[in-house]
Amino acid sequence: MIIPFTELSEDALNNLIEQFVLQEGTEYGARDISLDEKVIEVKQQLKQGEAVIVYSELHESVNIVPAARFRDKS
């Protein structure tokens, strides 16, 4: 189920994005990017519709994924 980012409080959204960017395996290229910059980048992707927040009832978890995953299935 897709959760619109606009339905989350600013604090909840920031915490979710921080958790996402701190996950092991999240790679941002050769140059170091600060946590704040990563949060801003992911938030921008959500606002532009490039990424979505997904809740999995099966796994009882929330994740941020590329929006293209859902467009390709329609």
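Everything here concerns the structure above.
Residues numbered from 1 in each chain as written. Predicted model: local features only at pLDDT ≥ 70, side-chain atom pairs only at ≥ 80, totals over all residues. Heavy atoms only, no water.

(A) Representation of the overall build of the chain within the structure. From N to C terminus, the chain includes three helices and three strands. The buried share among the 74 residues of the chain stands at 24%. Accessible area of the chain: about 5500 Å², with a carbon and sulfur share of 49%. (Helix = DSSP H or I, 4+ residues; strand = E, 2+ residues; numbered from the N terminus. Buried < 20%, exposed > 50% of the residue type's maximum accessible area, 1.4 Å probe, protein only. Areas by Shrake-Rupley, 256 points an atom, 1.4 Å probe, with all protein chains shown as cover.)

(B) Expanded view of the nonpolar core. One finds Leu13, Leu16, Ile17, Phe20, Val21, Val39, Val42, Leu46, Ala51, Ile53 and Ile64 forming the largest nonpolar core, which totals eleven residues. Those elements giving two or more residues to this core turn out to be helix H1 (10-21), helix H2 (35-47) and strand S2 (51-56). Apart from the residues within four sequence positions on either side, alanine 51 is in contact with Gln45, Leu46, Ile64, Val65, Pro66 and Ala67. (Core = buried A, V, L, I, M, F, W, Y, C linked by side-chain atoms within 4.5 Å. Contact = heavy atoms within 4.5 Å.)

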